[in-house]
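Inside the fold
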Amino acid sequence: MAQITTIIPVHKFDDEVKTLLETSVKSFAATSKNNPSDLMFVGPKDVLDQVKTLNIHEAEYVENENAWFSAQINSAAKKVKTDYFAILEYDDEFTPIWFDNVVKYINTGDDIAVY
């Protein structure tokens, strides 16, 4: 079972966003290969319809018409089925060891808070 859900908020979709989003998703796939993780996109329906054309397998899509970043994250966080979630903006990337390090911290003990 996945320990972490990665939420990617997307509020618009054009050629630049498509290229950046593809890079973000590749970094997610590369860093999460040793640690099962869920991927979730959140945004307006018309934007998510365009994201779906990228054929990203096993992703969940959460519709939220509110353009505010915090509102998008809150609506996606309510759908998360894992104990933890991370936010990856469409124009960012995870470093190659990100998931490994987070999983180490999560599994260290209950006295460590992960934010």
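Residues numbered from 1 in each chain as written. Predicted model: local features only at pLDDT ≥ 70, side-chain atom pairs only at ≥ 80, totals over all residues. Heavy atoms only, no water.

**So, the environment of Leu48**
We count it as follows: The way it works is that DSSP assigns letters per residue, a run of H or I at least four long becomes a helix, a run of E at least two long becomes a strand, and they are numbered from the N terminus. Summary of the burial criterion: residues with accessible area below 20% of their type's maximum are buried, those above 50% are exposed, and those between are partly exposed, where the area comes from a 1.4 Å probe applied to protein chains only. Residue contacts are counted whenever heavy atoms from the two residues lie within 4.5 Å of one another.
Take Leu48: it is sitting in helix H2 (residues 45-52). Looking at Leu48, the relative accessible area reads 1%, which means it is buried. Sequence separation between Leu48 and Asp38 is ten residues, and the spatial gap between their C-alpha atoms is 17 Å. Among residues more than four places away in sequence, those in contact with Leu48 are Phe41, Val42, Gly43, Tyr61, Val62 and Glu63.

**Some words on the sheet that holds strand S3 (residues 59-63)**
Note the cut-off: Any two strands with at least two DSSP-identified bridges between them are counted as paired. For helices, the axis comes from a line fit to the C-alpha atoms of the stretch in contact; other axes are also lines fit to C-alpha atoms, and the angle between any two N-to-C directions lies between 0 and 180 degrees.
Pairing within the open sheet is parallel, and its four strands lie in the order S3-S2-S1-S4. The sheet is open, and its two edges are formed by S3 and strand S4 (84-87), each paired on a single side. For this sheet, the mean inter-axis angle between neighbouring strands, taken without regard to orientation, is 25°. In this sheet, S4 lies alongside strand S1 (residues 4-9) in parallel orientation, the contact comprising four bridges. Following the sheet pairing, Ile7 is matched in S4 by Ile87. Together, strand S2 (37-43) and S3 form the strand contacts of H2, whose direction differs from that of S3 by roughly 165°. Set on the sheet, helix H3 (residues 69-77) makes contact with S1, S2, S3 and S4; between it and S1 the angle comes to about 145°.

**Brief notes about helix H4 (residues 98-108)**
Put simply, the rule reads: This arc describes the spread of directions from the helix axis toward the C-beta atoms.
Among all positions in H4, only Phe99, Val102, Val103 and Ile106 are buried. Along the axis of H4, the buried positions cluster into a sector of 100°, meaning they face one direction only. Exposed residues lying more than 90 degrees from the buried face of H4 are Lys104, Tyr105 and Thr108. Of the surrounding secondary structure, the elements contacted by the buried residues of H4 are S1, helix H1 (15-32), S2 and S4.

**Points about the side chain of Thr5**
The test is simple: Here a polar contact is recorded for every N or O atom pair within 3.5 Å, except that within protein the pair must consist of a potential hydrogen donor and a potential acceptor, and residues adjacent in sequence are included only if both atoms are side-chain atoms.
The topology assignment puts Thr5 in strand S1. One polar contact links Thr5 to Thr82, side chain to side chain, over a distance of 2.8 Å. Those residues within four positions of Thr5 in sequence are excluded, and the remaining contacts are Asp38, Met40, Val80, Lys81, Thr82, Tyr84, Phe85 and Ala86.

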